[in-house]
Amino acid sequence: MDYLKVVEDKFVEKQEFVKFSSGDTVTVHYKIVEGTKERIQQFRGVVIQRKGEGHTATFTVRKMSGAYGVERIFPLYSPFIDKVEVNKHGKVRRARIYYLRGLTGKKARIQEKRF
Amino acid sequence: MQGIIGKKLGMTSIFSAEGKNIPCTVVEAGPCVVTQIRTLEKDGYEAVQLAYDDKKEKHTTKPEAGHFAKTKTTPKKKIVEFRDFGQAKVNGEYKEVQPGDTISVEIFIEGEWCDVSGKSKGKGFQGVVKRHGFSGVNDQTHGQHNRNRAPGSLGASSYPSRVFKGMRMGGHDGDKTVKMISLRVLKVIPESNLLLIKGSVPGPKGSYLIIER
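The structure displayed is predicted, hence computed values, not measured ones.

S.K.: How should I be thinking about the overall build of chain A in this particular structure?
M.R.: The number of helices and strands found in chain A is 1 helix and 5 strands. The dimensions of chain A, computed from C-alpha atoms along their principal axes, are 50 × 40 × 25 Å. Across the 115 residues that make up chain A, the buried fraction comes to 33%. Nonlocal contacts in chain A, meaning residues at least 24 apart in sequence, comprise 52% of its contacts between residues at least 6 apart. Surface accessibility of chain A: about 7800 Å² in total, with carbon and sulfur atoms responsible for 47%. Charge separation in chain A, taken as the distance between the mean sites of 25 positive and 13 negative side-chain charges, equals 11 Å.

This is the structure in structure tokens:
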């Protein structure tokens, strides 16, 4: 028996998310606790990678804040994640689109996927 | 100290009550059988002998088989003695342990500290930078050439005209007993004999560990 999985099933609550992959534009609604107050912050950007599997999986979101690129790594099953909203499905050829880091402006656009 | 024998299963991470992502090691600990009580009169010291992990009878020598037969247990792979064991929780009640008793993870309480010792991963023949934390010659220039991980001087010249014993040099690294002290027991799961210990512990997956409280 896989005891690691037993532990993870017991202590990590698996939330259900909409399907998203690298290249998609998402908005992460992230809970922030300030003292006793709780508020929700939104972080919108392009998913540049999904990493790991099972309960320890993470994903990285990149956004342009002014002229600077900002990347944030979220644990997929973090209790602080309220929800993940998919704004756009992007058409990309690789699972980890690190090349986006070197591109700015019109070059950094991702073609939208048509279903 | 009171303790138990276990096996490292691997690492994962869980979220704490505050939502923090905590790295932890999953350890299968026990159930261990008390195979012998060492006494001052007979053995010259006091200790409790625990045995863990079943093995096949065909891999057991006759003297070993006789030792396990005394407490009517199946042969075990790993035997460890603990000094100052004291009273332990056996089947839900605190008492002095007797031969034949089963020690389980229930001796641990969630949130308490523990010490974990095990055999570290073997690293093979390593240089002084990895083995002893030397910094090497950190210059690429000033006349240096292929000296980046060199040990430097081994001592003075005409006096003492020799290298002192115990001078730290390259050699076999790892594969030795390492004890990590003051690790937090995050969770105790008695139904599957598991302990969750915060952070990492020595050794590869599947290696034996001694967990003391």
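Next comes the rest of the description.
S.K.: Looking at this structure, how should I read the sheet that holds strand β3 (residues 32-38) of chain B?
M.R.: Think of a sheet as strands paired side by side through backbone hydrogen bonds, with each pair either parallel or antiparallel. Residue and element names in this part refer to chain B. Taken together, 4 strands build an open sheet; the order of strands is β5-β4-β3-β8 and the sheet is antiparallel. The strands lining the two open edges of the sheet, one partner per strand, are β5 (76-82) and β8 (102-103). Both strand β4 (residues 47-54) and β5 contribute to a ladder of 6 bridges, which runs antiparallel. Directly across from Asp-54, in β5, lies its bridge partner Lys-76. Contacts from helix α2 (residues 62-70) reach β3, β4 and β5 within the one sheet, and its direction differs from that of β3 by about 95 degrees.

S.K.: Teacher, can you tell me more about the packing of aromatic side chains here?
M.R.: Pairs of aromatic rings are described using the distance from one ring centre to the other and the angle between the two planes. Residue and element names in this part refer to chain B. This model, assessed by the stated rule, comprises 7 aromatic pairs over all chains. Relative to Tyr-208, the ring of Tyr-52 has its centre 6.2 Å away and its plane inclined at 85 degrees; by these criteria the two rings are edge-to-face. Highlighted residues: Tyr-52 in strand β4 and Tyr-208 in strand β14 (residues 208-212), separated in sequence by 156 residues. Using a relative accessible area of 24% as the deciding quantity, one classes Tyr-208 as partly exposed. With a centroid separation of 6.0 Å and 65 degrees between ring planes, the pair formed by Phe-82 and Phe-85 is classed as edge-to-face. Neither Phe-82 nor Phe-85 differs from the other in exposure class; each is buried.

S.K.: For this particular structure, what's the right way to read the confidence of the model for chain A?
M.R.: When pLDDT drops low, the exact placement of atoms in the prediction is not to be read closely. Per-residue confidence for chain A averages 86 on the pLDDT scale, and 99% of its residues sit at or above 70. Here helix α1 (residues 3-11) of chain A stands out as the element of chain A with the lowest mean pLDDT, 74, in contrast to strand β3 (residues 58-65) of chain A, whose mean of 92 is the highest.

S.K.: Teacher, can you tell me more about the pattern of salt bridges here?
M.R.: Opposite charge on two side chains permits pairing when their charged atoms draw close. Applying the stated criterion to the full structure yields 10 salt bridges over all chains. Ionic pairing is found between Glu-81 of chain B and Arg-38 of chain B, a salt bridge with its closest N-O pair at 2.7 Å. Taken as a pair, Glu-81 of chain B in strand β5 and Arg-38 of chain B in strand β3 lie far apart in primary sequence, 43 residues in all. The partner of Lys-55 of chain B in a salt bridge is Glu-64 of chain B, and the shortest N-O contact between them spans 3.1 Å. Connected via shared salt-bridge partners are Arg-62, Glu-71 and Arg-101 of chain A.

S.K.: In this structure, what is going on with unusual backbone geometry? I would like to understand it.
M.R.: Negative phi values dominate among residues other than glycine, just as trans dominates among peptide bonds. Residue and element names in this part refer to chain B. Here Tyr-159 and Pro-160 are connected by a cis peptide whose omega angle stands at 10 degrees. Along the chain, the position of Pro-160 falls in the loop between α3 (128-132) and β11 (171-173). The backbone of Asp-84 shows a phi angle near 50 degrees, a positive value even though the residue is not glycine. Locating Asp-84 in the fold gives a position in the loop between β5 and β6 (87-90). Using a relative accessible area of 66% as the deciding quantity, one classes Asp-84 as exposed. Positive phi values are uncommon outside glycine, yet His-142 reaches one of about 55 degrees. The residue His-142 is located in the loop between α3 and β11 in this model.

S.K.: What's the story with the interface of chain B and chain A in this structure? I'm lost.
M.R.: Where interface size is given, it is often the accessible area lost as the parts come together that is meant. With 18 residues of chain B at the interface, the matching set in chain A holds 14 residues. Both faces considered, chain B and chain A share a buried interface measuring about 1300 Å² in area, 76% of it formed by carbon and sulfur atoms. At the boundary of chain B with chain A, the tally comes to 0 salt bridges. Counting across the chain B and chain A interface gives 0 residue pairs in polar contact (both at pLDDT 80 or more). Listing elements by their share of the side of chain B that touches chain A, those giving two or more residues are β1 (3-15), β2 (21-29), β12 (177-189) and β13 (194-198) of chain B. Considering every element that reaches the side of chain B that touches chain A, the biggest residue donor is β1 of chain B, with 7 residues. In terms of residue class, the side of chain B that touches chain A is built from 8 nonpolar, 6 polar and 4 charged.

S.K.: Even after reading the chapter, I still don't get the confidence of the model for chain B, so can you show me in this structure?
M.R.: Residues and elements named next belong to chain B. Confidence in the prediction for chain B averages 88 pLDDT; 100% of positions are at 70 or higher. When mean pLDDT is compared element by element in chain B, strand β10 (residues 124-126) scores highest at 95, while β6 scores lowest at 75. Across the interface, the model reports ipTM at 0.75; the global pTM reads 0.82.

About the thresholds
- Residues numbered from 1 in each chain as written.
- Chains lettered and ligands numbered in written order.
- Predicted model: local features only at pLDDT ≥ 70, side-chain atom pairs only at ≥ 80, totals over all residues.
- Heavy atoms only, no water.
- Helix = DSSP H or I, 4+ residues; strand = E, 2+ residues; numbered from the N terminus.
- Buried < 20%, exposed > 50% of the residue type's maximum accessible area, 1.4 Å probe, protein only.
- Contact = heavy atoms within 4.5 Å.
- Areas by Shrake-Rupley, 256 points an atom, 1.4 Å probe, with all protein chains shown as cover.
- Lys, Arg positive; Asp, Glu negative; His and termini not counted.
- Charge placed at Lys NZ, Arg CZ, Asp CG, Glu CD.
- Pairing = 2+ DSSP bridges.
- Axes fitted to C-alpha atoms, helices over the stretch in contact; angles between N-to-C directions.
- Phe/Tyr/Trp six-rings, centres within 6.5 Å; stacked < 30°, edge-to-face > 60°.
- pLDDT = per-residue confidence, 0-100.
- Salt bridge = Lys/Arg side-chain N within 4 Å of Asp/Glu carboxyl O.
- Buried area = accessible area lost by both parts, 1.4 Å probe.
- Polar contact = N/O pair within 3.5 Å; in protein donor to acceptor, adjacent residues only side chain to side chain.
- Nonpolar A, V, L, I, M, F, W, Y, C, P; charged D, E, K, R; others polar.

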